[in-house]
Every structure is written in structure tokens, then in C-alpha cells.
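Given next are the chains, with one letter for each unit.
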Amino acid sequence: MKIAISTGGGDAPGLNAVIRAAVLSAADHGWQTVGIRHGFQGLFDGKGLVPLGPNEVRGITHLGGTILGAANKGNPLRWPKLQPDGRVVEVDRCYELIAAFQRERIDALISIGGEGSLTIAGELWRNGLPVVGVPKTIDNDVVGTETTFGFDTAVSTATEALDKLHTTAESHDRVMVVELMGRYAGWIALHSGISATADVILIPEIPFDIERVCEKIREREHRGRHFSIVVVAEGAVPRGGSAILRATGAAGEMDRLGGIGELVARGIIERTGKETRTLVLGHLQRGGSPTTFDRLLALRFGSAAVRSIADGEYGVMIAYNPPNLTRLPLDQVAGKTKLVPLDSGVILTGRHLGISFGD
Ligand code: F6P
């Protein structure tokens, strides 16, 4: 058997742990493994294939990033192609990709990715390629799995940042608005905001009213609390409004969100007159060493993907349904986003703690 591994979409802490576990589990079966560099891009010309054996994956469990490189663009189903008239149109290169797999004599693919990469994996499977998916993203927005690896690390990083902002916010009697990642789901903002005792948490699932946000800040003023921490998910939406996009996902690229933190801060300054600062935590949330939880989950995912191949079960995603890992058909994942349920116990906990969700 020759197995290929690809890491698509944005990187997430734990990718290297999945690669290591998959390579060593495959070696245990006497199988060969190759890595595809930068998502699927390395396969089109065959130049981005790297042999992976026990030596290549030594000492990488604790390393952030991915030894294979990642790519947030270059979706093979929506590949941007420049036309003679200067226009860019999207073309489907799925068959080309399958031909490349055959040319390289690859028997099975482990596709480690978020919803976008898993949708591509599902399409490759429908077109005859034996694929097993592994859910990855700091955003935790993949359906069918309790959590993705990378999420716990991102939440820890965000929580630590919020803890640090508390002290400076209090010294200066300021409002600190912190914009966190998560795309159209509020998991990172919710979990870190509650853990770090934010005063306001704004998530895409609960459209906010800036007046309610300011009410919370004023109420704290009256109680002698002259500072506030406002956590805003990058996909948060004002009531009746929409998420702020820096760029739409044209020509095979993902939408880029960002800017809502600044908008919220302006709203607070205008209405309360409070000195307010904004921090966009950005890609710090994607970096660094995976937490113990993410490492273990990622190692389990990598070895479970190889077990699925050994069982001849393809077209599935490995999912975490505590305490077990399960297999879920890829077509149940494609095109879906796991949002924070409004009846979530975590949101209820926040409300009992007196945190405002801006509603
Ligand atoms: O999906 C992971 C993620 O970090 C999102 O939270 C964020 O919106 C996006 O990727 C940022 O992408 P890029 O690395 O292309 O800026």
C-alpha cells in the first residue's frame, strides 16, 4: 500500500501529530507513506510529493504548523484560471487530481482538513479515490465531531491573552475589545471569553445590539468597575446586519473576515465616551505547540485514519464522540458548519455568570 497525506486549509496546532501517527501506523502495517506539499497543489506537477518514514516524522508531535505546508487557496474544485481576455474563472480540476494519484500509484489518501478540504475529499471519493478524512481546524466548526484538534490550543492562547488584557484594562479604566477568529462560528470566542471572565461576548450565532453592549459597560461603571473586556468573534453580526468581510472568497479562496472589533469599539466610544482600545489576536491563535489534549486527539486521529484504511472503509471522516473515535460518511460533513447551539450549556453558564451576549 502507498498512502498519501495532505494538510489542506489553514494550519492548526496538532497537524504534525496526525502526520506522525499516520506514518508510524502505516509503517506498522508495512505500508509506504508520501506527503503532498501545500494541500493538493504539490500533486498537480508531482513535484510536491515527499516520502515520509519514521525518520521524517521524528520529534514533531509537539511542533505547531505542518511539515507539509498548508494552502488556504487553490481549491481543486474551484481552481482560478486566467482567461485570454484577462478574466479569472473557476475550473474543476478534480479529474486531473485523480489522474495524478493514479500516475503516482497512490492507493489511499488521508486528507486532514477543515470543512473546505473535507468537502474536496468527499468529491474525490465520489469520483473513485479511496479517501479518509481527519477533521482539523482551530474554529471547531466541523459537524459530526465533538471537537477538532487545534481548537483547544487556540482557546488556551486566547484565554491567556484575555487574562493579560484584564490587568492593563483595569489599570487604565479602559474598555478592551478583543477580536478572535472562528469564521462563522463563535466557539473560540465563547470558550475563551467564559474561561477568562469577559464581560461581553459577541458570537455570530447571537446577533448583537450595540446598545445592550453599552448597557453592560455602564452597569459595571455604576458598580465601580471602570474597565470592561469585550470579546468579539470575527464573524459576529450586529442585529439586522451582516458579518464584515475583508475579501469575499472569489476564485477558489476562502472568505476573509475581520474588522468587527473596530466597529464595536467605535460604537462603545460614541455611546459611552469610555476610552476603548481594540486588539485583533489574529494568527497567534493558529500558532505554537499543541496542548496535551490536542496532541493526544491528533495522534489518535492519525492512527484511526490508518485503521480505517486497513478495514477498507473509505469515504469517511474520523470523528471524536467521547470517549470514542467514530467514522462518519464524508457527505454528511460537506458544505455544513457546526454552529454553537443557542441552548448550549456553555452559553447558559455565561448568562448565569452575568456575561452579556449583547442580546
Ligand atoms: O479557519 C481557520 C482560520 O484561522 C479562521 O479562524 C480565519 O478566519 C481564517 O482561518 C484566516 O485565514 P488566513 O490564514 O487565510 O488569513
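Residues numbered from 1 in each chain as written. Predicted model: local features only at pLDDT ≥ 70, side-chain atom pairs only at ≥ 80, totals over all residues. Heavy atoms only, no water.

**Observations regarding the sheet that holds strand E6 (residues 108-113)**
- Overall, mixed pairing links the seven strands, which are arranged E3-E2-E1-E6-E7-E14-E15 in an open sheet. Of all strands in the sheet, those with a lone pairing partner are strand E3 (49-52) and strand E15 (324-329), marking the two edges. Geometrically, the sheet is characterised by an average inter-axis angle of 30° between neighbouring strands, direction not taken into account.
- Summarising the sheet, strand E1 (residues 2-7) and E6 pair through five bridges and their orientation is parallel. Bridging from a neighbouring strand, Thr-7 pairs with Ile-112 of E6.
- Docked against the sheet, helix H4 (residues 115-126) engages E6, strand E7 (131-135) and strand E14 (316-321), running at close to 160° with respect to E6. (Pairing = 2+ DSSP bridges. Helix = DSSP H or I, 4+ residues; strand = E, 2+ residues; numbered from the N terminus. Axes fitted to C-alpha atoms, helices over the stretch in contact; angles between N-to-C directions. Contact = heavy atoms within 4.5 Å.)

**Quick notes on the domain arrangement of the protein**
- Each domain of the protein was delimited in the assignment, giving domain 1 (2-149 + 290-332) and domain 2 (153-286).
- Between domain 1 and domain 2, the C-alpha centre-to-centre distance is 32 Å.
- Taken together, the contact pairs 19 residues of domain 1 with 17 residues of domain 2.
- Contact between domain 1 and domain 2 buries roughly 1,400 Å² in total, counting both sides, with carbon and sulfur atoms accounting for 52%.
- Area buried by domain 1 at its contact with domain 2 is led by Asn-72, Ile-138 and Asp-139, which between them contribute 37% of it.
- On inspection of domain 1 and its partner domain 2, the count reaches one salt bridge.
- Between Asp-11 and Arg-286 there is a salt bridge, and its shortest N-O distance comes to 2.8 Å.
- There are four residue pairs in polar contact (both at pLDDT 80 or more) connecting domain 1 and domain 2.
- Residues of the side of domain 1 that touches domain 2, tallied by class, amount to six nonpolar, six polar and seven charged. (Domains from an automatic or database assignment. Buried area = accessible area lost by both parts, 1.4 Å probe. Salt bridge = Lys/Arg side-chain N within 4 Å of Asp/Glu carboxyl O. Polar contact = N/O pair within 3.5 Å; in protein donor to acceptor, adjacent residues only side chain to side chain. Nonpolar A, V, L, I, M, F, W, Y, C, P; charged D, E, K, R; others polar.)

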